[in-house]
Amino acid sequence: MKITYILKYSVVLLLMSLMACKEDTSAKAAVKEINKPNIVIIYADDLGYGELGAYGATALKTPNLDQLANGGLRFTNGYASSATCTPSRYALLTGVYPWRNKEAKILPGTAPLIIDTAQTTLPKMLKKQGYTTGIVGKWHLGLGTGNVNWNTKISPGPNEIGFDFSTILAATQDRVPTVYIKNGHVVNLDPNDPIEVRYDKNFEGEPTGYDSPELLKMKWDHGHANSIVNGISRIGFVKGGEAAKWVDEDMADYFFAEAKHYVKTHKEAPFFLYYALQQPHVPRTPHPRFVGKSGMGPRGDVIVEADWMVGEFIKTLAAEGLLENTLIIFSSDNGPVVNDGYKDDAVEKLGNHKPAGVLRGGKYSLFDAGTRVPFICYWKETIAPGTSDALVSQLDLYASLAALVGSDQKTRDSENLLDVLLGKSDKGRDEIVLEASSKTLLRKGDWVMIPPYKGPAVSTQVAIELGNDTAYQLYNLKDDVQQKHNLATSNTAKLEEMKQAFKRLREDKG
Ligand code: NG6
Ligand code: CA
């Protein structure tokens with residue numbers, strides 16, 4: 001009696017699970033039918049326009065990224081939204097201009113989350129269309145609501161703005177907390193050794209780069225003289241959490257392993273992975289197997305390392321049979337900087353390498369190299385290899401990807417450039433407002449207009465021309481890609497047109 005009951009019950013269960021299985025696979029098939037490829041955004045940190053072989057570099061070898069660029073669509077007028085990290089990442093994930101949010105500026109590691117949890121975001125939009133969503137790597141958009149206790153669940157963060165899965169570094173590699181955070185929890189945290197983080201003053205008795213230079217394996221140049229972790233002094237102060245502290249040299253491998261695992265465990269349904277590399281941001285700490293590989297010191301070596309990681313990641317997609325069904329977008333959050341605060345031989349060993357290529361300026365700059373970055377779209381057998389000169393921005397990924405997956409959810413500033421990204425059209429944006437260190441400028445067609453700004457013309461710390469000038473600047477990038485000839489006084493009609501357009505865009509209340 002009992003046995004028959006169990007048998008009957010098992011048959012029912014079996015039938016039920018078979019039915020569920022059937023439903024599940026047909027739902028997945030339906031999702032794939034309406035062209036929902038996996039989407040991967042690989043986002044470098046501080047990689048300049050001239051850094052890749054495919055963008056003209058000769059001294060530095062980037063074979064894997066070159067293969068991606070040459071096998072896909074390489075954009076020559078692709079822009080980050082800002083010349084620094086946080087604002088660019090804000091725009092990428094929200095489709096909103098960063099200058100609309102006054103909190104979207106370089107954040108300390110203790111800053112609260114700057115994306116409203118009620119706001120539409122790229123991962124939320126994709127989730128609604130049946131995607132699973134993950135982020136691996138640099139976050140730098142704030143966590144919590146203020147006064148985060150790093151020893152309990154840290155929230156809100158990536159998981160509250162649309163990511164099902166997250167393994168992140170909170171801010172930057174040079175800022176505390178120097179720990180990985182997985183789905184809101186500090187990885188490897190020993191409850192008997194709680195971690196404390198602050199930026200205002202040191203914890204009693206803890207060594208700093210300023211007081212104890214003898215403990216450093218990499219010396220600081222400017223900033224970066226606070227807490228010492230792994231022989232490198234950082235911005236901000238940390239106490240405790242020893243077991244959780246990352247080893248910088250293993251970071252690239254750690255994130256790659258996480259990205260690979262994510263792909264392998266989510267390949268059955270469409271997934272979105274935001275793989276935010278930490279290279280070549282400071283401190284540049286290549287794994288020993290990449291040390292010396294570029295001949296340019298740690299800065300070049302971590303670019304070689306990042307290139308290798310991208311190659312391995314693409315091999316993973318290929319091995320899983322996913323390459324034909326995955327759109328890969330590669331770009332960088334802002335332009336390049338050589339000395340960003342550590343004495344790491346980057347300046348001394350740069351040789352002939354030009355991180356910004358032919359462009360003027362660099363990270364932090366209003367000039368073009370601040371925001372014009374490598375921008376590659378790759379989709380095997382769907383995007384025909386080529387080069388596009390169309391004006392495209394990371395701000396537009398939201399609307400373009402929404403169009404790809406059939407979402408009608410709009411954001412304020414993102415434009416649908418899907419056909420451009422897929423190589424079916426060369427009609428990019430007409431105009432875009434770009435940002436650098438909380439100042440804005442206009443690119444419209446081939447023209448750039450930089451309004452007058454106070455501030456140094458050149459940053460002595462990072463040796464970059466910032467683009468500040470007391471007069472208007474007007475450049476025609478087609479004739480003058482190096483922005484050497486200010487036409488503001490000779491072409492007053494164009495200047496006027498640009499001023500009007502800039503005013504209209506900046507005052508647009510949506
Ligand atoms: C600056 C840091 C720089 C870098 C940058 C953020 C100093 C002197 N400089 O304040 O090293 O961390 O912030 O870079 O501390 S970003 O790519 O995340 O925007
Ligand atoms: Ca950056």
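Here, the structure is the one placed above.
The structure displayed is predicted, hence computed values, not measured ones. (Residues numbered from 1 in each chain as written. Chains lettered and ligands numbered in written order. Predicted model: local features only at pLDDT ≥ 70, side-chain atom pairs only at ≥ 80, totals over all residues. Heavy atoms only, no water.)

### Thoughts on the pairing of strand E19 (residues 447-450)
Burial along E19 is two-sided: the face carrying Trp447 and Met449 and the face carrying Val448 and Ile450 are both buried. Pairing between strand E18 (residues 439-444) and E19: 3 bridges, direction antiparallel. Paired with Leu442 across the bridge in E19 is Met449. Linking E18 back to E19 in an antiparallel pair, the connection comprises 2 residues, with Gly445 at a positive phi of about 60°. (Buried < 20%, exposed > 50% of the residue type's maximum accessible area, 1.4 Å probe, protein only. Helix = DSSP H or I, 4+ residues; strand = E, 2+ residues; numbered from the N terminus. Pairing = 2+ DSSP bridges.)

### Examining the sheet that holds E18
Strand pairing in a sheet is mediated by backbone hydrogen bonds. Such pairs are either parallel or antiparallel. Spatial strand order, E17-E18-E19-E22: 4 strands in an open sheet with antiparallel pairing. The strands lining the two open edges of the sheet, one partner per strand, are strand E17 (431-436) and strand E22 (473-476). Pairs of neighbouring strands in the sheet enclose a mean axial angle of 20°, with direction left out of account. With 6 bridges joining them, E17 and E18 adopt antiparallel strand pairing. By the bridge assignment for E18, Glu431 is matched with Lys444. Sheet contacts for helix H9 (residues 492-507): E17, E18, E19 and E22; angle to E18, the most-contacted strand, approximately 120°. (Axes fitted to C-alpha atoms, helices over the stretch in contact; angles between N-to-C directions. Contact = heavy atoms within 4.5 Å.)

### Some words on the site of ligand 1
The full set close to ligand 1 counts 20 residues, and Cys85, Asp174, Arg175, Asp340 and Lys363 are the nearest of them. For ligand 1, an oxygen atom lies 2.8 Å from a polar atom in the side chain of Arg175. Between ligand 1 and His281 there is a distance of 3.0 Å, counted from an oxygen atom to a side-chain nitrogen or oxygen. Within the complex, 87% of the 450 Å² of free accessible area of ligand 1 lies under protein. Looking at the shell around ligand 1 residue by residue, the class counts come to 5 nonpolar, 8 polar and 7 charged. (Near = heavy atom within 4 Å. Polar contact = N/O pair within 3.5 Å; in protein donor to acceptor, adjacent residues only side chain to side chain. Areas by Shrake-Rupley, 256 points an atom, 1.4 Å probe, with all protein chains shown as cover. Nonpolar A, V, L, I, M, F, W, Y, C, P; charged D, E, K, R; others polar.)

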